[in-house]
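One letter stands for each residue in the lines below.
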Amino acid sequence: MCIRDSLIIAQKGVGWSWPQGKNAAVSLTFDDARESQVVQGTPLLDEYGVKATFYVVPDQMKSKLEGWKTAVNNGHEIGNHTQNHPCTGNFDWKRDHALEDYTLASMQNELVATNKQIESMLGVVPTSYAYTCGQKFVGRGSNTKSYIPIVAELFSSGRGFLDETANAPGFLDLAQLTGIESDGKDFAELQPYLDKARTNGDWVVLAGHEIAENGNQTTRLAMLRELIDYAQDPANGIWLATVAEVTDYIKDQQEQEPVQQLKESLTFHTSFDHGYDADFAKGNPAIYTAPEYGKLEASEKGMNCRDVSLVESGRHGSALKFHKKSVPVLFYRSEDNISYNQENWN
């Protein structure tokens, strides 16, 4: 009989944290590659040193292509927003590219082709996607399918539109990020989302279209200035970053979380690779030998049983080998090494 790695873990929650101790994350995003985005939007953002995410329809970039190249050079993120901007055909202006007439295959082909076209125009390959019209389906009736799995396969994230809440980093689905509309809003209308995110540690993704003084589907310049001033105030603890930056950070945290949780929760570990005593212990790391189960109080520190030895043939390294059944008892003291209640176990 062999005793192999002994691991005792007390379950413990791990809180979410943003870079540099920030309380929340905010991403500014804009759709369609509207001209105003690089005529008025990026100059304002560059003035503040803020990077935004632009989900582009490639053909829409052609009239201001140099402006888009400048945006890329200045660190703004370019995301995928399809070639044809399909939406439900209930919009009469989308009958030629209605989601009801798409299949999963045709949608995947368009997303891949869009990435290639963007790369040829700007030299970058998008890793972020925004659902056109915020709609995530193709087909009709019983043949309707979600194309979220395709987005999850092709991109690091997929953003929705006209949503009503921020993203909870410990729970969110990166392929279904919520997007809160910034068009036509005063800062006073958006500040409650930011303040709630600061309290909850959430990620607010704002979604707009035109960037100008006023107009239809327009995120107003004055509102942007007010929002950025608020977000950049150190007292408010907000991390302003692109969707890709925040996505990468969340993925990194998710990968590290199990390791960090183990580090914070571990109370006792003995591998027997370095002897009989525990490699790590919140309490006493020493092994003890007692004459028998009924006489633990008569135990002595150390391994004092000639019928037990260390061998290197354990499953994960060394192990204890019991050469034959014997009376002496080997044990570690539980105090501080195992977390438990002496009462109210049920």
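What comes next is a walk through the structure. Please read these numbers as outputs of a predicted model, since none were measured by experiment. (Residues numbered from 1 in each chain as written. Predicted model: local features only at pLDDT ≥ 70, side-chain atom pairs only at ≥ 80, totals over all residues. Heavy atoms only, no water.)

A separate point is the side chain of Ser-271. Among the structural elements, Ser-271 can be located in the loop between β15 (266–270) and β16 (280–281). A distance of 3.1 Å separates a polar atom in the side chain of Ser-271 from the backbone nitrogen of Asp-273. (Helix = DSSP H or I, 4+ residues; strand = E, 2+ residues; numbered from the N terminus. Polar contact = N/O pair within 3.5 Å; in protein donor to acceptor, adjacent residues only side chain to side chain.)

One non-glycine residue, Asp-32, lies in the positive phi region at around 85°. Looking at where Asp-32 falls in the secondary structure, it is placed in the loop between β3 (24–31) and α1 (35–48). On the basis of relative accessible area, Asp-32 is assigned to the buried category, the value being 9%. Positioned with a positive phi, Gln-217 is a non-glycine residue whose angle comes to about 45°. Take Gln-217: it is sitting in the loop between β12 (210–212) and β13 (218–220). For Gln-217, a relative accessible area of 33% gives the class partly exposed. (Buried < 20%, exposed > 50% of the residue type's maximum accessible area, 1.4 Å probe, protein only.)

Axis separation between helix α6 (residues 187–200) and helix α7 (residues 221–232) bottoms out at 10 Å; the angle between their running directions is 25°. With respect to their mutual orientation, α6 and α7 come out roughly parallel. Seen from above, α6 lies across α7 with right-handed handedness. Taken together, the residues of α7 that come into contact with α6 (itself represented by Phe-187, Leu-190, Gln-191, Leu-194, Asp-195 and Arg-198) are Met-223, Glu-226, Leu-227 and Tyr-230. (Axes fitted to C-alpha atoms, helices over the stretch in contact; angles between N-to-C directions. Parallel < 35°, antiparallel > 145°, perpendicular 65-115°, else oblique. Left-handed = near helix turned anticlockwise from the far one by under 90°. Contact = heavy atoms within 4.5 Å.)

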